[in-house]
Amino acid sequence: MASGKPKKKNPRLASGRKRARQDVKLNAANTSLRSKYRTAVKNVEKAVAAGDKAKATELFAKAQSIVDTVADKQIFHKNKAARDKSRLAAKVKALATATA
């Protein structure tokens with residue numbers, strides 16, 4: 001009852017051990033991309049909240065690229081990526097029309 005996670009067993013087969021090694025690398029790469037995705041979305045939302053139209057537009061262009069990359073690598077579903085891009089685009093557009 002000391003730790004929350006159950007202890008993992010070491011795989012017996014060589015293929016299983018190799019798979020476990022690969023999973024560590026893949027997990028690290030996926031975690032990094034997921035974090036980059038969330039940061040990009042947050043940065044656009046902060047710029048929109050601050051009312052900075054130019055910065056929001058610039059950050060949105062960068063965020064679109066990151067969102068597409070993450071969707072292509074199937075870290076998030078393509079529909080989730082499209083939904084997030086659509087919502088961000090709507091916020092940036094609303095900001096542009098509000099200041100104009």
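About the thresholds
Each residue is numbered by its place in its chain's sequence as written, counting from 1. Local features are withheld for residues below a pLDDT of 70 in this predicted model, meaning they are given only at 70 or higher, and side-chain atom pairs are given and counted only at 80 or more; totals for whole chains, interfaces and linings count all residues. By convention in this description, side-chain values take in all heavy atoms of the structure and omit both hydrogens and water. UniProt positions are given in the numbering used here, feature names are shortened, and annotations may be inferred rather than shown by experiment. Helix and strand definitions here come from DSSP, where helices need a minimum of 4 consecutive H or I residues and strands a minimum of 2 consecutive E residues; each element is numbered from the N-terminal end. The classification of residues rests on relative accessible area computed with a 1.4 Å probe and restricted to protein chains. Under 20% of the type maximum is buried, over 50% is exposed, and intermediate values are partly exposed. Working rule for contacts: check all heavy atoms of both residues, and any pair within 4.5 Å makes them a contact. For accessible areas, the Shrake-Rupley method is used with a probe of radius 1.4 Å. Any residue's cover is judged against the shown protein chains and nothing else. His residues and chain termini do not enter the charge count, which takes Lys and Arg as positive and Asp and Glu as negative. By convention, the point assigned to a charge is CZ for Arg, NZ for Lys, CD for Glu and CG for Asp. Between the first and last residue of a helix there are one fewer steps than residues, each counted as 1.5 Å, and that sum is the expected span.

Per an unreviewed UniProt entry, the protein goes by Small ribosomal subunit protein bS20 and derives from Caenimonas sedimenti. Here the protein is described in UniProt, under the heading Sequence similarities (unreviewed entry), as follows: "Belongs to the bacterial ribosomal protein bS20 family." Turning to the protein, the UniProt annotation filed under Function (unreviewed entry) states: "Binds directly to 16S ribosomal RNA."

Chemist: I'm lost on the overall build of the protein in this one. Help?
Modeler: The helix and strand inventory of the protein stands at 3 helices and 0 strands. Ordered by position in the sequence, the α and β elements of the protein form the string α-α-α. Considering only C-alpha atoms, the protein reaches an extent of 65 × 35 × 20 Å along its principal axes. Burial statistics for the protein: of 100 residues in total, 21% are counted as buried. Within the protein, contacts between residues at least 6 apart in sequence are counted, and of these 66% link residues at least 24 apart. Only carbon and sulfur atoms are counted for the fraction: they give 54% of the accessible area of the protein, which is about 7,800 Å². The averaged location of the 7 negative side-chain charges in the protein is 12 Å from the averaged location of its 26 positive side-chain charges.

Chemist: Looking at this model, I keep getting lost on helix α1 (residues 14–50). Mind explaining?
Modeler: Structural remark: α-helix, 3.6 residues per turn; residues separated by three or four positions point the same way. A rise of 1.5 Å per residue sets the reference length of α1, with its 37 residues, at 54 Å; its end C-alpha atoms lie 54 Å apart and thus fit the reference within 8%. Two residues or fewer after α1 comes Gly51, characterised by a positive phi angle close to 85 degrees.

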